[in-house]
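# What the coordinates show
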Amino acid sequence: YLPFGYNVARSVNGKLTHRFANNLKLLADFQYVDEENQNYSHPYKYLHENYLMNQDRSFRGIIGLNHAPTGNFFYNIRFGYIQDRFETKVPDDTQSIHSLIDEPISDNYSEFYIAGYPQYRQEVNTEKYIIRADFNWQMGKMHNLKFGGEQSFYSFEMANRLQLFPRTPIVYQEYERRPRDGAIFVQDKFEHKYLVVNMGLRYDYSDVNAAMWEDIEDPTSEVTEVGVKHQISPRLGLSHPITDNAMLHFAYGHFFQIPPYEIMYFNSGYVAHPESIPRYGLVGNPRILPQRTTAYEVGVKYSILDIYGIDLTLFLKDIKNLLATTEVRAFPFDYIVYNNEDFGSVQGIDITVNRMTVSGFGFSVNYTYQVARGNRSFGMQGFYDVYTGLPERKKEYYLDFDRTHTLTSTFQYLFTKLGSVGINFRLASGLPYTPYISEGVVVEQNSARMDWT
């Protein structure tokens, strides 16, 4: 048991549906959550009354309509609303985020704090309105057409203070932003006796509704509105029987991931007042591009004696425009800004063996071999390297989440229809880390491995 820390959550949720006819249904769904928690912090072990507490109140509501006008056509429409109010502070603290807060003071051995408070405070209120619709049309025996879209509107109200690392400046943020994003898609599933094809096209867009320097490496450049970001993503999937008990499958697709909005708006006050940027100040960037992933996979499914199945799949993911941070030195400025310098790739093989539950016994065994490499493991890596004096990373290495071997299995024995016993098993190789030899000795990043688990 830890010396302090707790979590208390209360929630209520409900769903109401009404069927007007066999082909028309209306539904309403809601959830309210009130949660309070305090994490454990070792330096505050003997001063827990001065440590931070989080309070989160959220509401989610959905109204939906399902309608099937004909036997071969139906559609779904959803209207949603989400509100989240989040606050982080010391219990019974009524000061504003701009008030002077006593910094923590350590004991003689610098392990525990004996006075003072964390410098972090936060008040956030977010709202999201969303409308989503999809339409499904069975066109004869061979084509199933699906199309639709979604549109989201956001409202962010942020007020916080934080200190990214000890002895760095305290950063204050207060802003209101109203971005929006959306997507439309169309997909056709073509089914033939010897071939099944899934073809799709998706269009995504994002409007951050913010302004930024024309040149993120020149704070004196003109401040202009950031344009809308777009991407068209093709998707293709194929499956083809090779023999009576073997099938080839293939998939290819482009994927689009919008960076977190709070990163784009981080320290946005510096945009209009660059002269106030402290050394190593971190600046958000609404011009950062969405993360783009191109994924491929090809495999074979094979059945044996009608009760065993084997699936062998090769996969590859090429990831570009990963979120990164980099230092900009342009006298008299020396700051760190978010950008899209990072990249990565994941490749490997996935093998699954299944046995249907026959004579009371069944199992599933999965083995994955993969390699994940890139130039940085997380978006703040560049900031951390500058702060700690490490050199800039210019070549690929094994990323922090690279796990080479993973074996999972599930075994089940069914005694009767009312009782069974099961065993789950997982074996995994260790994650990489950078070993320490001695002061001044530089070793390759993530060149060692932790133990297996």
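Refer to the structure printed above.
In this report, the structure presented in the accompanying data block is examined. (Residues numbered from 1 in each chain as written. Predicted model: local features only at pLDDT ≥ 70, side-chain atom pairs only at ≥ 80, totals over all residues. Heavy atoms only, no water.)

### Notes on the overall build of the chain
- Looking only at helices and strands, one finds 3 helices and 25 strands in the chain.
- C-alpha extents for the chain along the principal axes are approximately 70 × 55 × 50 Å.
- With 453 residues in all, the chain has 38% of them scored as buried.
- For the chain, the exposed area adds up to about 26500 Å²; of that, 57% sits on carbon and sulfur atoms.
- Across the chain, 42 positive and 52 negative side-chain charges occur, with their mean positions spaced 9 Å apart. (Helix = DSSP H or I, 4+ residues; strand = E, 2+ residues; numbered from the N terminus. Buried < 20%, exposed > 50% of the residue type's maximum accessible area, 1.4 Å probe, protein only. Areas by Shrake-Rupley, 256 points an atom, 1.4 Å probe, with all protein chains shown as cover. Lys, Arg positive; Asp, Glu negative; His and termini not counted. Charge placed at Lys NZ, Arg CZ, Asp CG, Glu CD.)

### Looking at the nonpolar core
- Within the largest apolar cluster, 30 residues are counted, with the highest numbers of intra-cluster contacts made by Val208, Met212, Trp213, Tyr261, Tyr265, Val283 and Tyr335.
- Secondary-structure elements contributing two or more residues to this core are strand S8 (143-162), strand S9 (171-177), strand S12 (211-213), helix H1 (261-264), helix H2 (269-272), strand S16 (281-283) and strand S19 (333-358).
- At 5 residues, S19 tops the list of elements feeding residues into this core.
- If we skip the residues at most four places from it in the chain, tyrosine 265 touches Phe156, Gln173, Tyr175, Arg177, Pro179, Val208 and Ala210. (Core = buried A, V, L, I, M, F, W, Y, C linked by side-chain atoms within 4.5 Å. Contact = heavy atoms within 4.5 Å.)

### With respect to the pattern of salt bridges
- Applying the stated criterion across every chain yields a total of 12 salt bridges.
- Notably, a salt bridge pairs aspartate 93 with arginine 121, separated by 2.9 Å at the nearest N-O pair. Separated by 28 residues along the polypeptide, aspartate 93 in the loop between strand S4 (73-89) and strand S5 (105-106) and arginine 121 in strand S7 (residues 121-139) bring together distant segments of the chain. Note on accessibility: aspartate 93 and arginine 121 belong to one class, buried.
- When the shortest N-O distance is used, the salt bridge between arginine 132 and glutamate 150 registers 3.3 Å. Placement of arginine 132 in strand S7 and of glutamate 150 in strand S8 is noted, with a sequence separation of 18 residues between them.
- Looking at arginine 132, the relative accessible area reads 41%, which means it is partly exposed.
- Overall, the relative accessible area of 26% leaves glutamate 150 in the partly exposed class.
- Among the ionic contacts, a cluster of salt bridges with common partners joins Arg279, Glu327, Arg329 and Asp334. (Salt bridge = Lys/Arg side-chain N within 4 Å of Asp/Glu carboxyl O.)

### A few points about unusual backbone geometry
- Between phenylalanine 331 and proline 332 the backbone carries a cis peptide bond, its omega angle lying at 5 degrees.
- Assignment of secondary structure puts proline 332 in the loop between strand S18 (308-330) and S19.
- With a phi angle near 65 degrees, aspartate 92 is a residue other than glycine that sits in the positive phi range.
- Checked against the element boundaries, aspartate 92 lands in the loop between S4 and S5.
- On the accessibility criterion, aspartate 92 (77% relative accessible area) is exposed.

### What to know about the packing of aromatic side chains
- Taken as a whole, this structure holds 23 aromatic pairs when the rule is applied.
- With centroids separated by 5.7 Å and ring planes inclined at 40 degrees, the aromatic side chains of phenylalanine 363 and phenylalanine 411 adopt a geometry described as tilted. Pair noted here: phenylalanine 363 is in strand S20 (residues 361-374) and phenylalanine 411 is in strand S22 (residues 405-416), with a separation of 48 residues, a long-range link.
- For phenylalanine 363, a relative accessible area of 18% corresponds to the buried category.
- In textbook terms, an aromatic cluster arises when at least three aromatic residues are bridged by ring pairs, as seen for Phe4, Tyr40, Tyr44, Tyr51 and Tyr113.
- One Lys or Arg, arginine 373, reaches over the ring of tyrosine 398 and ends 4.6 Å from the middle of that ring.
- Over the aromatic face of tyrosine 398 sits the side chain of arginine 449, whose NZ or CZ is 5.3 Å from the ring centroid. (Phe/Tyr/Trp six-rings, centres within 6.5 Å; stacked < 30°, edge-to-face > 60°. Lys NZ or Arg CZ within 6 Å of the ring centre and 35° of its normal.)

That is the geometry; function is a separate question.
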